[in-house]
Amino acid sequence: MCETGSFKPGYEKIFIEAGVFGVEFCGNCGLGRTVPLPEEAGEGSGADPAGLSLAARLLRRCFAGAGRRRIERFVNKDKGGILDIGRAREDFLSAMEDRGWTVHGLDADSLAAGSGAHAGLDILPEASFDAAVFWRVFGHIQDPATALRECARALKPGGALVMAVPNVKSLQARITGKAWFYLDPRFNAYHYTEANLRLLLAKSGFEVAEVRRFSAEYGPFGLLQSIYNVGGFRRNILYNPLSSASGRGIGFYVDIVQILTTLPLTIPIAVILAVVEAWQGNGGVMEIYARKRARPGT
Ligand SMILES: [Zn+2]
């Protein structure tokens, strides 16, 4: 995937519940690689939390609807067949299905460690989908070049590929370093920049049409959570209570008190940085819209 393969140490000793990880970076293209490579597949950190409040659910439904409209505009169709790789966004899937799209979901665990990078993709019928999406699970894939080639094969000529990928060169990634929320070394094998993703897509038979460099859905939350991580709070103190239905012990309430007392300070910082990110076009998560080239190699 990376031509030179000369990786240099970047972040070391990232302690998370699953173990101790580091991230090394290619001196040539800036691609990051987790060491050791994660063994857990992960359902994507965007998976629908069980305990979301009503307000959060409504907000997510708005974002899912906006995502669906952007995809329909890009594909230039209002229904068809769509391949969802990683199934990280149930709300988005139902938004597509409600509109008449036929959704084929592939579980992320078949794409990550241990079970072969393209498992499930290689048996898809050729040229059969109008669009394919990766919502924040692309970094989990340990053989991304093969996965993209199989994805291109399964798409119709001119078919659309839409991916939301954390940008390891974004403002929030650089400011917060190894505390960055979207670094997520428990699941992410690789950490991309726009430049090395473009290179990989070009080599895999895709042409990038549009890059959205700021996501209102992911950017501000990533900033806020990363600020807490930098501040020495329990890692992912905001995200974890949202994502796990289990364990409402004393620790849960201690977290809530810590969050509520610090939000008046952390929210303004996150908002200011989010405005800078949006203005610079350098958000924590980028959305890439690409098309399958008519003939490979052209
Ligand atoms: Zn490289």
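Q: Would you mind going over the sheet that holds strand E1 (residues 7–16) with me for this structure?
A: The strands that make up a sheet are held in pairs by hydrogen bonds between backbone atoms, and each pair lies either parallel or antiparallel. Strand order in the open sheet formed by four strands is E1-E2-E3-E8, with antiparallel pairing between adjacent strands. The outermost strands of the open sheet, each flanked by one partner alone, are E1 and strand E8 (190–191). As paired strands, E1 and strand E2 (residues 19–26) are joined by seven bridges and run antiparallel to one another. Residue pairing for E2: Lys8 is matched across the bridge by Phe25.

Q: Sorry if this is basic, but what is going on with the sheet that holds strand E4 (residues 81–86) here?
A: One open sheet holds the six strands; their spatial order is E5-E4-E6-E7-E10-E9, and the pairing between them is mixed. Both edges of this open sheet fall to strand E5 (102–107) and strand E9 (206–212), since each of them pairs with a single strand only. When the angles between neighbouring strand axes are averaged without regard to direction, this sheet yields 20°. Inspection of the sheet shows E9 paired to strand E10 (residues 285–292) by six bridges, in the antiparallel sense. Pairing of Arg212 across the sheet is with Glu287, part of E10. In the packing of helix H2 (residues 90–98) onto the sheet, the strands contacted are E4, E5 and strand E6 (129–135), and the crossing angle to E5 comes to about 155°. Sheet contacts for helix H5 (residues 194–203): strand E7 (155–166), E9 and E10; angle to E9, the most-contacted strand, approximately 155°.

Q: I keep staring at helix H8 (residues 250–280) and nothing clicks. Help me out?
A: Think of an α-helix as 3.6 residues a turn; residues three or four steps apart then line up on the same face. At Leu263, H8 shows its largest kink, close to 60°, and the proline Pro264 lies no more than four residues downstream. Turning to H8, its buried residues number three or more, namely Ala270, Leu273, Ala274 and Glu277. Of the residues one or two after H8, Gly281 is the one with positive phi, at around 65°.

Q: Help me understand unusual backbone geometry, please; the structure alone is not making it clear to me.
A: Note: most residues except glycine have negative phi, and most peptide bonds are trans. Between Val35 and Pro36 the backbone carries a cis peptide bond, its omega angle lying at -10°. Among the structural elements, Pro36 can be located in the loop between strand E3 (32–35) and helix H1 (54–75). A positive phi is found at Ala127, a non-glycine position, where the angle reads about 45°. In this fold, Ala127 is placed in the loop between E5 and E6.

Reading the values: the criteria
Residues numbered from 1 in each chain as written. Predicted model: local features only at pLDDT ≥ 70, side-chain atom pairs only at ≥ 80, totals over all residues. Pairing = 2+ DSSP bridges. Helix = DSSP H or I, 4+ residues; strand = E, 2+ residues; numbered from the N terminus. Axes fitted to C-alpha atoms, helices over the stretch in contact; angles between N-to-C directions. Contact = placed C-beta atoms within 7 Å. Bend = angle between axes of the 7 residues up to and from the residue. Buried ≥ 20, exposed ≤ 12 C-beta atoms within 10 Å, placed from the backbone.

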